[in-house]
Amino acid sequence: MTELYLALKLVHIFAALALFAVEGVVAVAFPQARRAKDFAALAGAMGFIKTAVPVAKIALPLLFVTGLAMMFAVWGFGMAWANLALLIFVAVLIGEIRMDPPWTAKSQRVRAVL
């Protein structure tokens, strides 16, 4: 059980670091895109975001799944901080889906559920 926990924790930490790196890239690239004076500068700024999106698509579910797996395998649902983290994660995910532009395909599929 200890090896499983350590492996899950390692993957969970790497997924969290990857997600923070993606957020950092996006936080730097969006202001650059807003200040762009021509299409070349805009394409350069959006290129950073375009390369960060696949990392986020892997890191986000990996973070969620490994967190849930650690809750089921090791901690259970008796730890308040883990329950709060799960609640915040789901709330942010629902908020992100609800605020997503209506023309995106992801938004169309999930809005029907929410």
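Structural data are supplied above this passage.
Residues numbered from 1 in each chain as written. Predicted model: local features only at pLDDT ≥ 70, side-chain atom pairs only at ≥ 80, totals over all residues. Heavy atoms only, no water.

## What to know about the side chain of threonine 66
Structurally, the position occupied by threonine 66 is in helix α2 (residues 39-75). Looking at threonine 66, the relative accessible area reads 5%, which means it is buried. Within the structure, the side chain of threonine 66 is placed 2.8 Å from the side chain of histidine 12, a separation counted as a polar contact. Apart from the residues lying within four places of it in its own chain, the contact partners of threonine 66 are Leu8, Val11 and His12. (Helix = DSSP H or I, 4+ residues; strand = E, 2+ residues; numbered from the N terminus. Buried < 20%, exposed > 50% of the residue type's maximum accessible area, 1.4 Å probe, protein only. Polar contact = N/O pair within 3.5 Å; in protein donor to acceptor, adjacent residues only side chain to side chain. Contact = heavy atoms within 4.5 Å.)

## Some thoughts on the packing of α2 against helix α3 (residues 80-99)
Running from N to C, α2 and α3 point in directions that differ by 155 degrees, and their axes come no closer than 11 Å. Here α2 is positioned roughly antiparallel relative to α3, judged by the angle of their axes. Remark: the crossing between α2 and α3 carries left-handed chirality. Here α2 contributes Leu60, Leu63, Phe64, Leu68, Met71 and Trp75 to the contact with α3, which in turn contributes Trp81, Ala82, Asn83, Leu86, Phe89, Val90 and Leu93. Partitioned by chemical class, the residues of the contact of α2 with α3 number 12 nonpolar, 1 polar and no charged. (Axes fitted to C-alpha atoms, helices over the stretch in contact; angles between N-to-C directions. Parallel < 35°, antiparallel > 145°, perpendicular 65-115°, else oblique. Left-handed = near helix turned anticlockwise from the far one by under 90°. Nonpolar A, V, L, I, M, F, W, Y, C, P; charged D, E, K, R; others polar.)

## Observations concerning the packing of helix α1 (residues 2-35) against α2
Two quantities define a packed helix pair, namely the angle between the helix axes and the distance between the axes. Closest axis-to-axis distance for the α1/α2 pair is 7 Å, and the angle between their directions is 155 degrees. One finds that α1 runs roughly antiparallel with respect to α2. Viewed along their axes, α1 and α2 form a crossing whose handedness is left-handed. For the contact of α1 with α2, the residue count by class is 31 nonpolar, 4 polar and 1 charged.

## Points about a nonpolar patch on the surface
Among the surface-exposed residues, Leu10, Ile13, Phe14 and Leu17 lie close enough to one another that they form a single nonpolar patch of about 410 Å² accessible area. Within the secondary structure, phenylalanine 14 sits in helix α1. (Patch = residues over 30% accessible without salt bridge, like charges linked within 9 Å, V, L, I, M, F, W, Y side chains within 5 Å. Areas by Shrake-Rupley, 256 points an atom, 1.4 Å probe, with all protein chains shown as cover. Salt bridge = Lys/Arg side-chain N within 4 Å of Asp/Glu carboxyl O.)

## So, the packing of aromatic side chains
Following the criterion strictly, the structure yields 2 aromatic pairs and no others. Taken together, a centroid distance of 5.2 Å and an interplanar angle of 15 degrees make the contact between phenylalanine 64 and phenylalanine 89 stacked. Of the two residues, phenylalanine 64 sits in helix α2 while phenylalanine 89 sits in helix α3, which places them 25 residues apart along the sequence. Between phenylalanine 72 and phenylalanine 77, the aromatic rings sit 5.2 Å apart at their centres with planes inclined by 75 degrees, giving edge-to-face as the arrangement. For phenylalanine 77, a relative accessible area of 42% puts it in the partly exposed group. (Phe/Tyr/Trp six-rings, centres within 6.5 Å; stacked < 30°, edge-to-face > 60°.)

Purely geometric stuff here, so don't read any function into it on its own.
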